[in-house]
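What follows is each chain in one-letter form.
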Amino acid sequence: MTRLLLLIATLGSAALMIGALGFQYIGGLAPCPMCLWQRYPHVVAIVLGVLALSGGPRILALLGGLSALTTAGIALFHTGVERAWWEGPSTCTSGAIAELSPEQLMDQIMNAPLVRCDEVAWEFLGLSMASWNGIASLVLAGVWFAAWLRG
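Quantities reported herein were computed from a predicted structural model and do not represent experimental measurements. Sequence positions are assigned chain by chain, starting from 1 and proceeding in written order. With the structure being a predicted model, the display of local features is reserved for residues of pLDDT at least 70 and the display and counting of side-chain atom pairs for 80 or more, all residues being used for whole-chain, interface and lining totals. Only hydrogens and water are set aside when side-chain values are computed; all heavy atoms of the structure are taken into account.

**Q** So what exactly am I meant to see when it comes to the side chain of Ser 13 here?
**A** Inspection of the secondary structure puts Ser 13 in helix 1 (residues 2-25). Burial classification: accessible surface area is computed with a 1.4 Å probe over protein chains only, and a residue below 20% of its type maximum counts as buried, one above 50% as exposed, and the rest as partly exposed. Looking at Ser 13, the relative accessible area reads 0%, which means it is buried. Numbered from the N terminus, helices here are DSSP runs of H or I no shorter than four residues, and strands are runs of E no shorter than two.

**Q** What's the story with helix 3 (residues 59-82) in this structure? I'm lost.
**A** Given 3.6 residues per helical turn, the α-helix brings residues three or four places apart onto the same face. Taking 1.5 Å of rise per residue, the 24 residues of helix 3 would be expected to cover 34 Å, and the 35 Å separating its terminal C-alpha atoms lies within 8% of that figure. One or two positions beyond helix 3, positive phi appears at Ala 84, with a value near 60°. Take the number of residues in a helix, subtract one, and multiply by 1.5 Å to get its expected span.

**Q** Would you explain the packing of helix 2 (residues 33-53) against helix 3 in this entry?
**A** Structural elements are reduced to axes, namely lines fitted to C-alpha atoms, with helices fitted over the stretch in contact, and the angle between N-to-C directions of any two is expressed from 0 to 180 degrees. Here helix 2 crosses helix 3 at 165°, and the two axes come no closer than 9 Å. As judged from the angle between their axes, helix 2 and helix 3 are roughly antiparallel. Judged by the sense of rotation from one axis to the other, the crossing of helix 2 with helix 3 is left-handed. Touching Met 34, Cys 35, Trp 37, Gln 38, Pro 41, His 42, Val 44, Ala 45, Leu 48, Leu 51 and Ala 52 of helix 2 are Leu 60, Leu 63, Gly 64, Ser 67, Thr 70, Thr 71, Ile 74, Ala 75, Phe 77, His 78 and Val 81, all from helix 3. Here the residues of the contact of helix 2 with helix 3 sort into 15 nonpolar, 7 polar and no charged. Each angle receives one of four descriptions, namely roughly parallel if under 35 degrees, roughly antiparallel if over 145, roughly perpendicular if within 65 to 115, and oblique otherwise. Crossing handedness is defined as follows: a turn of the near helix away from the far one that is anticlockwise and smaller than a right angle gives a left-handed crossing, while the clockwise case is right-handed. Pairs of residues are marked as contacts when any of their non-hydrogen atoms sit within 4.5 Å. All amino acids are sorted into three groups, where Ala, Val, Leu, Ile, Met, Phe, Trp, Tyr, Cys and Pro are nonpolar, Asp, Glu, Lys and Arg are charged, and the leftover types, Gly among them, are polar.

**Q** Teacher, can you tell me more about a nonpolar patch on the surface here?
**A** On the surface, a cluster of nonpolar side chains totalling about 480 Å² of accessible area is made up of Ile 59, Leu 63, Leu 66, Leu 69, Leu 76 and Leu 138. Sorting elements by how many residues they give to the nonpolar patch places helix 3 first, with 5 residues. For Leu 69, a relative accessible area of 37% puts it in the partly exposed group. Two distance rules govern patches: like charges are joined within 9 Å, and nonpolar side chains (Val, Leu, Ile, Met, Phe, Trp, Tyr) within 5 Å, applied only to residues with over 30% relative accessible area and no salt bridge. Throughout, the Shrake-Rupley method with a 1.4 Å probe supplies accessible areas, and for residues the shown protein chains are the sole cover considered. Should a side-chain nitrogen of Lys or Arg be within 4 Å of a carboxyl oxygen of Asp or Glu, the pair is scored as a salt bridge.

Quick look at the structure:
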């Protein structure tokens, strides 16, 4: 049973990564910086899963769960930025422009990232990709922790 849970958790992160890459390279939706941040813990989880499935120590499942929780946290923070619940990093969102001179505004426009974190590029059932990643990652964290506890 533990091996099956590890396989589900590993393949879950792999499926989310394949989906993200599909949206990027097939669907033409370039990722914002926060989208990219969400991918790194999935890559870590995939590596941990492969190691755990190869007979690695039980702690790898715990680390996989923490990795899934990390990406869920980033995704849920990103969701809040998209919905204007809070501000995101200045490197990928637009700040207030009311008090900028025309020259400052032009500098901000010219130096702005191509893809902003505070705009939803795609949504399904009212939830953005970041929201869906957060939900899926929380589920995967549960699977990882179940594997850890049963190991």
